[in-house]
Amino acid sequence: MADASKDNMEYNFMGKSGMKVSNVCLGTMTFGESQFGRPGQADESFSHQILDRFAAHGGNFIDTADVYGIGNCEKIIGTWLEKHPRENFVVATKCRFNMGTESNKNAVGLSRRHITSSIENSLKRLRTDYVDIYQTHTFDTATPLEETLRTLDDLVRCGKIRYAGVSNLSGWQLQKIEQIQRELGLNPIVSLQQQYNLISRESELEAFQVCKNEGIGVLAWSPLKGGLLTGKVKRNSQPTEGRLAWVAKDEKRQMLSAPAYSNLPSKVFDIIDTAEAIGKKHGMVFKK
């Protein structure tokens, strides 16, 4: 039975690289205690159960970030990886943000200093000698792109990372990165991780066109828009339970997990209604 389920998983090359990843990537932001106090976080035991089930169905692609749970998420993945053949899995993580050491003014951004420190710490938490894809979490206007890209290239050359990726960029930022890498003869980035779902489609205008032209793979985060696209929230109402309600109660939290419920346009619910109608037509009905 396990072998049959694995046969149903599809695999694709990541961008123009020769590395194959499962068509489903397991995002792990909910692993470990959250520094923001989000409800619904998975402890180590439950996180390992999720990873076991993912692997049993042929999943080999796991995405995390150092800032998820301020390192707790990477630690949980690391204890799981120790029990499995490391080479069977593609592990992606990210760096950019401060990890709770505000007194260290250099512990943030995409400088050579911060990137090299961050990868060493991530490798320790993940209990591995290398990361398959190392991603910049967002753009850094304070650091010259040449410095960031040369550092990522050095990490590829010394074997600490296999490939470099980026996340949360505009089209012009991504194109500029591609141009500089080409001019300097650096190892190219292989992936762009971007928020992409039925509501958030802005990346189709420019960023994804760059990916298409340059052969960059696309990783979508928040495919259900923080849970909004599950159909749990109805028109002219706000969520009353779970993570969605936690976000809706405080507008400062809405950037963390989900959209601003106070001013959602009607087209959002038009999209949800249409998705539900299509689901019912094909016998797929949401159940609470």
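This structure is a prediction, so every number in the text was calculated from the model and none was measured. (Residues numbered from 1 in each chain as written. Predicted model: local features only at pLDDT ≥ 70, side-chain atom pairs only at ≥ 80, totals over all residues. Heavy atoms only, no water.)

K.L.:
Help me understand the packing of aromatic side chains in this model?
P.N.:
Pairs of aromatic rings are described using the distance from one ring centre to the other and the angle between the two planes. Within this structure, the stated rule accounts for three aromatic pairs. Ring geometry for W80 and F89: centres 5.0 Å apart, planes at 70°, overall edge-to-face. With respect to class, W80 is no different from F89; both count as buried. Its end group placed over the ring of Y130, R86 keeps NZ or CZ at 4.2 Å from the ring centre. Residue placement shows R162 over the ring face of Y130; its charged tip is 3.8 Å from the ring centre. (Phe/Tyr/Trp six-rings, centres within 6.5 Å; stacked < 30°, edge-to-face > 60°. Buried < 20%, exposed > 50% of the residue type's maximum accessible area, 1.4 Å probe, protein only. Lys NZ or Arg CZ within 6 Å of the ring centre and 35° of its normal.)

K.L.:
Hey, could you run me through the pairing of strand β8 (residues 189-195) in this one?
P.N.:
Regular strands have side chains that alternate between both faces of the sheet. A large share of β8 lies buried, amounting to six of its seven residues. Note that strand β7 (residues 161-167) and β8 share four bridges and pair parallel. Opposite V166, over in β8, you have L192 as the bridge partner. In the classification by handedness, the crossover that spans β7, the intervening helix α6 (residues 171-184) and the parallel β8 is right-handed. As for the winding sense of the linkage, the β-α-β connection from β8 through helix α7 (residues 207-214) to strand β9 (residues 217-221) is right-handed. (Helix = DSSP H or I, 4+ residues; strand = E, 2+ residues; numbered from the N terminus. Pairing = 2+ DSSP bridges. Right-handed = clockwise from strand over helix to strand, strands pointing away.)

K.L.:
Is there a simple way to explain the packing of helix α4 (residues 112-126) against helix α5 (residues 145-157) in this structure?
P.N.:
Working note: a packed helix pair is described by the angle between its axes plus the distance between those axes. Interhelical geometry of α4 versus α5 gives an angle of 30° and a closest axis separation of 9 Å. Here α4 is positioned roughly parallel relative to α5, judged by the angle of their axes. As α4 packs across α5, the resulting crossing turns out to be right-handed. Of α5, the residues touching α4 (which contributes R112, I115, T116 and I119) are E147, T148, R150, T151, L152, D154 and L155. Class assignment of the residues belonging to the contact of α4 with α5 gives a composition of four nonpolar, three polar and four charged. (Axes fitted to C-alpha atoms, helices over the stretch in contact; angles between N-to-C directions. Parallel < 35°, antiparallel > 145°, perpendicular 65-115°, else oblique. Left-handed = near helix turned anticlockwise from the far one by under 90°. Contact = heavy atoms within 4.5 Å. Nonpolar A, V, L, I, M, F, W, Y, C, P; charged D, E, K, R; others polar.)

K.L.:
For this particular structure, what's the right way to read the nonpolar core?
P.N.:
A general tendency of soluble globular proteins is for nonpolar side chains to be buried together. With 47 residues, the main nonpolar core has F31, Y134, I161, L174 and L192 as its most contacted residues. Counting eleven residues, the second-largest nonpolar core is a separate cluster that includes V233, V247, Y261 and V268. (Core = buried A, V, L, I, M, F, W, Y, C linked by side-chain atoms within 4.5 Å.)

K.L.:
Sorry, what's going on with the sheet that holds strand β3 (residues 25-27) here?
P.N.:
Sheet strands line up and pair through hydrogen bonds in the backbone, either parallel or antiparallel. Strand order in the open sheet formed by seven strands is β3-β4-β5-β6-β7-β8-β9, and the pairing between neighbours is parallel. Among the strands making up the open sheet, the edge pair consists of β3 and β9. Pairs of neighbouring strands in the sheet enclose a mean axial angle of 25°, with direction left out of account. Here four bridges tie strand β5 (residues 90-95) to strand β6 (residues 131-136), and the two strands are oriented parallel to one another. From the neighbouring strand, K94 faces β6, where its bridge partner is Q135. Contacts between α6 and the sheet are confined to β7 and β8, with β8 contributing the most and set at about 170° to the helix.

K.L.:
How do you make sense of the state of the cysteines when you look at a structure like this?
P.N.:
Linking two cysteines covalently via their sulfur atoms produces the bond known as a disulfide. Taken as a whole and judged by the stated rule, the model has zero disulfides. Of all cysteine sulfurs in the structure, the one in C158 sits closest to C95, which takes part in no disulfide; the separation is 14 Å. A relative accessible area of 0% places C95 in the buried class. In this structure C158 comes out as partly exposed when scored by relative accessible area, which is 49%. (Disulfide = S-S within 2.5 Å.)

Function cannot be inferred from these measures alone, as they are strictly geometric.
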